[in-house]
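Descriptive structure summary
The primary structure of each chain is shown beneath.
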Amino acid sequence: QVQLLESGGGLVQAGGSLRLSCAASGRSFSDYAMGWFRQAPGKEREFVAVISWSGDSYSYSVRGRFTISRNNARNTLHLQMNSLKPEETAVYYCADRRGLRSGYYPRDYDYWGQGTQVTVSS
């Protein structure tokens, strides 16, 4: 059983930064792809970033502002978010893909955390 727990969300002004964390238990995720998604009320869950054995990738909207990283020894995943925009207010989720390939859609992932709220004020 894989369990994921996000933390680090909160209220930030537009242009500010937050660093999200995800703690994993149940197995080591060092051999699997891990991703971040976000979902605003009334909107679909959307891809933000993914990190895998071969590297990382980002959605176009966050590229250059967000950085995904992982600490395999501690089973933690992070998302550094800079220059945040009000439209990026959402619940942010970490996700674990039971596979080695990167995934860019919710259907590609097998385990999800409960999410952490990020609110960006204007």
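In this report, the structure presented in the accompanying data block is examined. (Residues numbered from 1 in each chain as written. Predicted model: local features only at pLDDT ≥ 70, side-chain atom pairs only at ≥ 80, totals over all residues. Heavy atoms only, no water.)

This part takes up the overall build of the protein chain. Looking only at helices and strands, one finds zero helices and eleven strands in the protein chain. Traced from its N-terminal end to its C-terminal end, the protein chain shows the element sequence β-β-β-β-β-β-β-β-β-β-β. Since a compact globule built from 122 residues should have a radius of gyration of about 14 Å, the 13 Å found for the protein chain is in line with a globular shape. With respect to the principal axes defined by its C-alpha atoms, the protein chain has extents near 40 × 25 × 25 Å. (Helix = DSSP H or I, 4+ residues; strand = E, 2+ residues; numbered from the N terminus. Rg over C-alpha atoms; globule rule 2.2 N^0.38 Å.)

The subject of this paragraph is the environment of Val91. Along the chain, Val91 falls in strand β9 (residues 90-96). Considering only alpha carbons, one finds Val91 and Thr116, 25 residues apart in sequence, at a separation of 5.4 Å. With sequence-adjacent residues up to four places away left out, Val91 is seen in contact with Phe37, Arg38, Gln39, Gln114, Gly115, Thr116 and Gln117. (Contact = heavy atoms within 4.5 Å.)

Structurally, Leu5 can be placed in strand β1 (residues 3-7). Separated by 62 residues in sequence, Leu5 and Thr67 have C-alpha atoms that sit 19 Å apart. Contact partners of Leu5, with chain neighbours within four places excluded, come to Ser21, Cys22 and Ala23.

This next bit is on the sheet that holds β1. Spatial ordering of the open sheet is given by β1-β3-β8-β7, a layout of four strands whose pairing is antiparallel. Two strands lie at the open edges of the sheet, namely β1 and β7 (66-71), each paired on one side alone. Neighbour to neighbour, the strand axes of the sheet diverge by 15° on average, direction disregarded. Looking at chain direction, β7 and strand β8 (residues 76-81) are connected through six bridges and run antiparallel. Bridge pairing in β8 places Ile68 opposite Leu79. (Pairing = 2+ DSSP bridges. Axes fitted to C-alpha atoms, helices over the stretch in contact; angles between N-to-C directions.)

This paragraph deals with the pairing of strand β5 (residues 46-52). With six of its seven residues buried, β5 lies for the most part within the structure. Inspection of the sheet shows strand β4 (residues 34-39) paired to β5 by five bridges, in the antiparallel sense. Paired with Met34 across the two strands is Ile51, which belongs to β5. With antiparallel pairing between neighbouring strands as the criterion, β4 and β5 make up a hairpin whose turn holds six residues, including Gly42 at a positive phi of roughly 80°. Bridging between β5 and strand β6 (residues 55-58) involves four bridges; their strand directions are antiparallel. Bridged to Ile51 within β6 is Asp56. In this structure, the hairpin formed by β5 and β6 is closed by a connection of two residues. (Buried < 20%, exposed > 50% of the residue type's maximum accessible area, 1.4 Å probe, protein only.)

Ranked by size, the top nonpolar core spans 26 residues in total, and within it Trp36, Leu79, Met81 and Tyr92 carry the most contacts. Of all the secondary structure elements, the ones that give two or more residues to this core are β3 (18-25), β4, β5, β7, β8, β9 and β11 (116-121). Counting residues per element, this core draws most heavily on β3, which supplies four residues. Grouped together as the second largest cluster of nonpolar side chains are six residues, Ala33, Phe37, Ala95 and Tyr109 included. (Core = buried A, V, L, I, M, F, W, Y, C linked by side-chain atoms within 4.5 Å.)

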